[in-house]
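Commentary on secondary and tertiary structure
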Amino acid sequence: MNIVWTTVTVAAIIALIFKDPSSVLTVCVDSSAQALTTALGLCGVYCLWLGIFRVAEECKLVEKLSKCFNKLNKLLYGNISEAACAYVSLNLASNLLGIGNAATPSAISAIKEMEHDEKLSRAGAMLFVVNATSVQLLPTTVIGLRASLGSVNPSDIILPNFIATVITSVIGVALVFVAYGRPKK
């Protein structure tokens, strides 16, 4: 992936040199400043939600959340360990709140609990699909990003985003059921 990004960046700079050589340095500096401003704006959102999830873990809220999602987890993932179920539930909650980057550590932990072979299991494939499509009730990361960039109404994407993520999740889960069949009890 580094090769792709490096190639695209170098090609863009070369194209800019031929189009407007005097603006190369200005564009590079301005773009870097804008990227840093956007990243710092998102840092606040991530710190808030990662802190909330850390407190939730300490207060045993994750275990309670795991029990709430237990039937859904059994339907989607089959017979997985308690630890994997807790990580999957935290991942699902993170995705429902639209904070995908906070969902990544719990997904990695869940995969470590579920996968013990080189071949991807049905549960691992389902976790990948559910995490990638992630139904979002409240896309906080995107709302935060839109707010940091000066959107007049940053939350006007809630309904379209919810509809799109539900559709992609249903299709993805259905494809895992087609490819792997029903989970083993």
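Residues numbered from 1 in each chain as written. Predicted model: local features only at pLDDT ≥ 70, side-chain atom pairs only at ≥ 80, totals over all residues. Heavy atoms only, no water.

Our next topic: the overall build of the protein. Regarding its fold elements, the protein presents 9 helices and 0 strands. Traced from its N-terminal end to its C-terminal end, the protein shows the element sequence α-α-α-α-α-α-α-α-α. The C-alpha radius of gyration of the protein comes to 20 Å, more than 25% above the 16 Å expected for a compact globule of 185 residues. Its C-alpha atoms put the protein at 65 × 35 × 30 Å along the principal axes. Among the 185 residues that make up the protein, the fraction classed as buried is 34%. A separation of at least 24 residues holds for 66% of the contacts in the protein among residues at least 6 apart in sequence. Of the accessible surface of the protein, which amounts to about 11,800 Å², a share of 70% is contributed by carbon and sulfur atoms. Across the protein, 14 positive and 11 negative side-chain charges occur, with their mean positions spaced 11 Å apart. (Helix = DSSP H or I, 4+ residues; strand = E, 2+ residues; numbered from the N terminus. Rg over C-alpha atoms; globule rule 2.2 N^0.38 Å. Buried < 20%, exposed > 50% of the residue type's maximum accessible area, 1.4 Å probe, protein only. Contact = heavy atoms within 4.5 Å. Areas by Shrake-Rupley, 256 points an atom, 1.4 Å probe, with all protein chains shown as cover. Lys, Arg positive; Asp, Glu negative; His and termini not counted. Charge placed at Lys NZ, Arg CZ, Asp CG, Glu CD.)

Nonpolar side chains in soluble globular proteins generally cluster together in the buried interior. If you look at the biggest cluster of nonpolar residues, it comprises 24 residues, and the most contacted ones within it are Tyr77, Ile80, Val88, Met114, Met126 and Val130. Of all the secondary structure elements, the ones that give two or more residues to this core are α2 (24–58), α4 (70–77), α5 (82–96), α6 (100–114), α7 (122–133) and α9 (158–180). In terms of residue count, α5 provides more of this core than any other element does, 7 residues in total. Setting aside residues no more than four positions away along its own chain, Val130 makes contact with Leu76, Tyr77, Leu92, Asn95 and Val173. (Core = buried A, V, L, I, M, F, W, Y, C linked by side-chain atoms within 4.5 Å.)

In this section: α5. Under the 1.5 Å per step criterion, the end-to-end length of α5 is 21 Å for 15 residues, consistent within 8% with the ideal 21 Å. Burial within α5 is extensive, with 12 of its 15 residues counted as buried. Buried residues of α5: Ala84, Cys85, Ala86, Val88, Ser89, Leu90, Asn91, Leu92, Ala93, Ser94, Asn95 and Leu96, and no others. Of the residues trailing α5, Gly98 is marked for its positive phi of about 75°. (Expected span 1.5 Å × (residues − 1).)

Of note, Leu175 is situated in helix α9. On the basis of relative accessible area, Leu175 is assigned to the exposed category, the value being 55%. The spatial distance from the C-alpha of Leu175 to the C-alpha of Met126 is 9.4 Å, given a sequence separation of 49 residues.

Here Ser106 lies in helix α6. Using a relative accessible area of 4% as the deciding quantity, one classes Ser106 as buried. Among the polar contacts listed, one links the side chain of Ser106 to the backbone nitrogen of Asn91, at a separation of 3.4 Å. Dropping the residues within four chain positions of it, Ser106 is found in contact with Tyr87, Leu90 and Asn91. (Polar contact = N/O pair within 3.5 Å; in protein donor to acceptor, adjacent residues only side chain to side chain.)

Under the definition given, this model contains 1 salt bridge. Close ionic contact of Asp156 with Arg146 constitutes a salt bridge, the shortest N to O distance being 3.0 Å. Of this pair, Asp156 sits in the loop between α8 (140–148) and α9 while Arg146 sits in helix α8, and the two are 10 residues apart along the sequence. (Salt bridge = Lys/Arg side-chain N within 4 Å of Asp/Glu carboxyl O.)

The terminal C-alpha atoms of α6, which comprises 15 residues, lie 20 Å apart, in line with the 21 Å expected from a rise of 1.5 Å per residue. Along α6, the residues classified as buried are Ala102, Ala103, Ser106, Ala107, Ala110 and Met114.

Overall, the prediction assigns the protein a mean pLDDT of 85, with 98% of residues at 70 or greater. Put simply, helix α3 (residues 61–68) is where the protein has its lowest mean pLDDT, 75, and α9 is where it has its highest, 93. (pLDDT = per-residue confidence, 0-100.)

Interaxial distance between α7 and α9 falls to 9 Å at its minimum, and their mutual angle equals 165°. By the criterion of interaxial angle, the relationship of α7 to α9 is roughly antiparallel. Taken as a pair, α7 and α9 cross one another with a handedness that is right-handed. Judged by residue contacts, Arg122, Ala125, Met126, Val129, Val130 and Thr133 of α7 engage Thr165, Thr168, Ser169, Gly172, Val173, Val176, Phe177 and Tyr180 from α9. When grouped by side-chain class, the residues that make up the contact of α7 with α9 number 8 nonpolar, 5 polar and 1 charged. (Axes fitted to C-alpha atoms, helices over the stretch in contact; angles between N-to-C directions. Parallel < 35°, antiparallel > 145°, perpendicular 65-115°, else oblique. Left-handed = near helix turned anticlockwise from the far one by under 90°. Nonpolar A, V, L, I, M, F, W, Y, C, P; charged D, E, K, R; others polar.)

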